[in-house]
Amino acid sequence: MITPGRRSLALCIVSSIAGACSDLEPVRPTGPALTPTELRSVNGGHDVDATLRRQLTAHGFTGRVASTLETRLGRPIDRQLAEVGRLLWFDPIQGLNDDNTCAGCHSPTHGFGDTQPIAIGIENNGLVGPGRTGPRNQRRTPMAINTAFYPTLMWNSRFHAPSGNPFDNRQGFVFPAPEGTSLSYLPHLLTAQAFIPPTERVEAAGFHFPGTNDDIRGEVLRRLNDDARYRTLFARAFPHTPPGTPITFDDVGRAIAEFEFTLVFADAPIDRYARGVREALTPAQKQGAVLFFGRAGCVACHAVSGAANEMFSDFRQHVAGIPQVVPAVGNVTFDGPGANEDFGLAQVSGRSADRYAFRTSPLRNVALQSAFMHNGAFVRLEDAIRYHLDARRGAALYTTAKLPVDMQGPTGPLDPVLERLDPLLRTSAPLTEAEFTSLVDFVRNALLDPAARPQHLRRLIPGKLPSGRAGLVFQ
Ligand code: HEC
Ligand code: HEC
């Protein structure tokens, strides 16, 4: 329902279905503000606060998930251990190629996520930011903030807690071979996950050091145990271990996970609103929220209830029909006969029906990202959402022109991707341009915890690394 006065507005989304809108032209993030009367009218005559409250209650959204962390851990955060984790995060001592570490891809300037549309690991130029160069891997680095609450990790959920609860290892933790379920004894999914990145050759280990994942971890431990500063740091963090006990990879995993536990940023305007602060959202954001939880159908996948832990993801895989961007220079062989595809979930399940399915992106703090979707196919949030609302139409108009030059080459096949498009994304509710703008406003601003902004997280960059290495330069 649109009031007569609004009819003259360009209804790009509606008209775009009829083919009248020329391209994926950007919509200004702050569109025309709706008056309370207009809000009521687009909302079917109902009071927007009453509707939104009803929706949040129906989905069990409390806005208090951050406060559950220590209860679920069963103990307070160990600040001293987290500090060791922070130093490791930034120290290339754990990258056997001597040029990368977690922070090279999980950068504090972007919510501990990527500064690039597709990650650049080893053989990089030492920069973290838009100027980072080097061979690309296959996917964009997700933000590490809030991962404490994720029951599945990675774009294809290949690391997961079968209990549906990352804090509960009673049903073990599942990883692909060679680790399998061998990391199940560790207390949290993130503690187990920390065993993997140093062993990834394209991410950190490089191709020179021979051997298995365990051999690589052994070599990283040798470096740490040879370093008097790290020995002291770990000894302080684990005061009950007898003096002289060597650092183990369990210790490393625990330290890194502890740092990640300190990276919970889930106090966004939507949380404050759910806790009763009515002014936490602007009228437009409330309208965007009502669409998100209602007619636009987003919450069906970007879920908040139950195992979703209010993270705006069902942590399942769906085909969203994203164009297959292929970097000109990379060190991962892509999938498919043309080596220009990403099979997503099928890489794990081996089933062709699972091709192109990726985990629903958790949307908290998505505004901090430099690019969107599993391969950074979009560098503007509004472009990503507009495509997502109508992938078939978006596909015809898609261009790589806004991506870094080395990602502007021919894309992989899109027809087989669109053939598998998730049924929920085949038909999308037509939105007026004002509704689209408020939906983007909600996703961009109402899900952003201001404490995760770059100026705050940059303070976590160590001035000096324990290993004495130079470290990476953050742009
Ligand atoms: C070369 C870049 C790179 C480095 C270095 C790197 N990561 Fe990642 N990380 C990624 C990418 C890319 C993904 C997603 C991979 C996928 O889904 O296939 C990821 C995924 C993750 C996830 C899961 C996030 C989610 O939303 O599921 C966590 C946690 C994580 N990394 C932690 C770490 C830690 C800890 C380190 C250092 C020990 C590290 N990473 C080093 C690129 C990197
Ligand atoms: C059928 C399930 C489904 C529905 C419905 C859905 N999404 Fe998504 N969404 C996904 C998946 C899956 C991805 C990741 C796709 C990929 O990268 O290949 C995604 C990615 C996104 C991203 C990019 C986030 C990032 O990390 O790059 C945004 C933003 C987003 N969705 C917003 C929305 C909004 C807004 C709606 C409602 C209009 C919506 N989605 C509806 C499944 C869904």
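As the structure is a computational prediction, the values presented were derived from the model and not from experiment.

Undergrad: Sorry if this is basic, but what is going on with the packing of aromatic side chains here?
TA: What characterises a pair of aromatic rings is the spacing of the ring centres plus the angle enclosed by the ring planes. Evaluation of the coordinates by the stated rule reveals 20 aromatic pairs. Within the aromatic cluster, the residues linked to one another by ring pairs are F61, F292, F293, F312 and F442. Just above the ring of Y273 sits the side chain of R53; from NZ or CZ to the centre is 4.6 Å. We note R355 situated over the ring of F343; from NZ or CZ to the ring centre the distance is 4.1 Å.

Undergrad: Whenever I open this one, the coordination of the iron atom of ligand 2 confuses me. Can you help?
TA: Tetrahedral coordination by four donors places them ideally at 109.5 degrees to one another around the metal; octahedral coordination by six donors ideally gives 90 or 180 degrees. Looking at the metal site, the iron atom of ligand 2 is ligated by H302 (NE2) and H388 (NE2), spaced 1.9 to 2.0 Å from it. For the iron atom of ligand 2, the six donor atoms in the first shell make angles of 85 to 180° at the metal, so the coordination geometry reads as octahedral. Residue H302 is located in the loop between α13 (283-293) and β4 (317-318), and its partner H388 is located in helix α15 (residues 381-389); the two are separated by 86 residues in the primary sequence. Note on H302: relative accessible area 11%, which makes it buried.

Undergrad: Where do I start with the site of ligand 2 in this structure?
TA: Near ligand 2 lie 28 residues; those nearest to it are C298, C301, H302, M373 and H388. Within the contact set of ligand 2, a nitrogen atom lies 2.7 Å away from a side-chain nitrogen or oxygen of H388. Elements supplying a minimum of two residues to the shell around ligand 2: β5 (358-359) and α15. Among the elements that line the shell around ligand 2, the one with the most residues is α15, at four residues. Of the residues in the shell around ligand 2, the class split is 17 nonpolar, eight polar and three charged.

Undergrad: Explanation requested: the coordination of the iron atom of ligand 1 in the structure shown.
TA: In this structure, the iron atom of ligand 1 receives exactly one donor atom from the protein: H106 (NE2), at 2.1 Å. Within the secondary structure, H106 is located in the loop between α6 (102-105) and β1 (127-128).

Undergrad: Whenever I open this one, unusual backbone geometry confuses me. Can you help?
TA: For residues that are not glycine, phi is negative in most cases, and the peptide bond is trans in most cases. Across the junction of A177 and P178, the peptide omega takes the value 5°, indicating a cis bond. Notably, M154 is not glycine yet its phi reads approximately 85°, a positive angle. With respect to the element layout, M154 can be found in the loop between β2 (152-153) and β3 (159-160). Unlike most non-glycine residues, S157 shows phi in positive territory, near 55°.

Undergrad: Any chance you could explain the site of ligand 1 here in plain terms?
TA: Neighbouring residues of ligand 1: 26 residues in total, closest C102, C105, H106, W155 and R359. Between M154 and ligand 1, the recorded distance is 2.7 Å, taken from a backbone N or O atom to an oxygen atom. The side chain of R158 places a nitrogen or oxygen atom 2.8 Å from an oxygen atom of ligand 1. Here the residues of the shell around ligand 1 are counted per class, giving 11 nonpolar, nine polar and six charged.

Undergrad: It is not clear to me how the side chain of E258 should be interpreted in this structure. Could you clarify?
TA: As for its placement among the helices and strands, E258 is situated in helix α11 (residues 249-261). Separated by 2.8 Å, the side chain of E258 and the backbone nitrogen of D78 make a polar contact. With near-sequence residues (within four places) excluded, E258 lies in contact with R75, P76, I77, D78, L81 and A82.

Undergrad: Is there a simple way to think about the packing of α15 against helix α18 (residues 433-446) in this case?
TA: A packed helix pair is summarised by two numbers, namely the angle formed by the two axes and the spacing between the axes. Remark: α15 packs on α18, axes separated minimally by 10 Å, with the N-to-C direction vectors making an angle of 120°. What the angle tells us is that α15 and α18 run oblique. Our pair here, α15 against α18, has a crossing hand that is right-handed. Counting all contacts with α15, which are made through L381, E382, I385, R386 and L389, the residues of α18 involved are E433, F436, L439, V440, V443 and R444.

Undergrad: I keep staring at the domain arrangement of the protein chain and nothing clicks. Help me out?
TA: Often the size quoted for an interface is simply the accessible area lost on bringing the parts together. According to the domain assignment, the protein chain contains domain 1 (4-60 + 266-451) and domain 2 (68-264). Using only C-alpha atoms to locate each centre, domain 1 and domain 2 end up separated by 29 Å. With 39 residues of domain 1 in contact, the opposing surface of domain 2 contributes 32 residues. In total, domain 1 and domain 2 occlude about 3000 Å² of area from one another, counting both sides; carbon and sulfur atoms represent 55% of this.

Undergrad: Is there a simple way to explain helix α9 (residues 213-225) in this structure?
TA: Working note: α-helix, 3.6 residues per turn, so residues spaced by three or four point in the same direction. Taking 1.5 Å per residue, 13 residues should reach 18 Å; α9 reaches 18 Å between its end C-alpha atoms and fits that length. For α9, every residue scored as buried is listed here: I216, R217, E219, V220, L221, R223, L224 and N225. Contacts from the buried residues of α9 go to α5 (79-90), α8 (201-205), α10 (228-237) and α11.

Reading guide: rules and limits
- In this convention, every chain numbers its residues from 1, walking through the sequence in written order.
- Chains and ligands are labelled sequentially in the order written, the chains with letters from A and the ligands with numbers from 1.
- At least 70 in pLDDT is required for a residue's local features to be given in this predicted model, at least 80 for side-chain atom pairs to be given and counted, and no such filter applies to totals for whole chains, interfaces and linings, which use all residues.
- Side-chain descriptors were evaluated using all non-hydrogen atoms of the structure, hydrogens and water having been removed beforehand.
- We call Phe, Tyr and Trp rings a pair once their centres come within 6.5 Å, taking the six-membered ring for Trp, and we label the pair stacked below 30 degrees between planes, edge-to-face above 60, and tilted otherwise.
- Both a distance and an angle decide whether a charge sits over a ring: NZ of Lys or CZ of Arg must be within 6 Å of the ring centre and within 35 degrees of the ring normal.
- Note: metal donors comprise N, O and S atoms at 2.8 Å or less from the metal (3.2 Å for Na, K and Ca); water molecules are not included, so apparent gaps in a site are possible.
- Geometry assignment treats four donors as tetrahedral when all angles are between 85 and 135 degrees, treats four as square planar and six as octahedral when opposite donors are over 155 degrees apart and all others between 65 and 115, and treats everything else as irregular.
- Counting from the N terminus, the helices are DSSP H or I runs at least four residues long and the strands are E runs at least two residues long.
- Buried means the residue's accessible area, taken with a 1.4 Å probe over protein chains only, is under 20% of the maximum for its type, while exposed means over 50%, and partly exposed covers the values in between.
- Each residue is tested against the molecule or strand, and it is near if at least one of its non-hydrogen atoms lies within 4 Å.
- N or O atoms within 3.5 Å of each other form a polar contact, as long as, within protein, one can give a hydrogen and the other can take it, and as long as residues adjacent in sequence are counted only when both atoms are side-chain atoms.
- Gly is placed with the polar residues, together with every amino acid not listed as nonpolar (Ala, Val, Leu, Ile, Met, Phe, Trp, Tyr, Cys and Pro) or charged (Asp, Glu, Lys and Arg).
- When checking whether two residues touch, look at their non-hydrogen atoms; a contact exists if any pair is within 4.5 Å.
- The angle between two axes is taken between their N-to-C directions and runs from 0 to 180 degrees, where each axis is a line fitted to C-alpha atoms and a helix contributes only its stretch in contact.
- What sets the label is the angle itself: under 35 degrees gives roughly parallel, over 145 gives roughly antiparallel, 65 to 115 gives roughly perpendicular, and the rest give oblique.
- Left-handed is the label given to a crossing in which the near helix is rotated counterclockwise from the far helix by less than a right angle, and right-handed is the label when the rotation is clockwise.
- The split into domains, and so the bounds of each, comes from an automatic or database assignment of domains.
- Put simply, buried area is how much 1.4 Å-probe accessible surface two parts lose in total, over both of them, once they are put together.
- An expected span of 1.5 Å times one less than the residue number is assigned to each helix.

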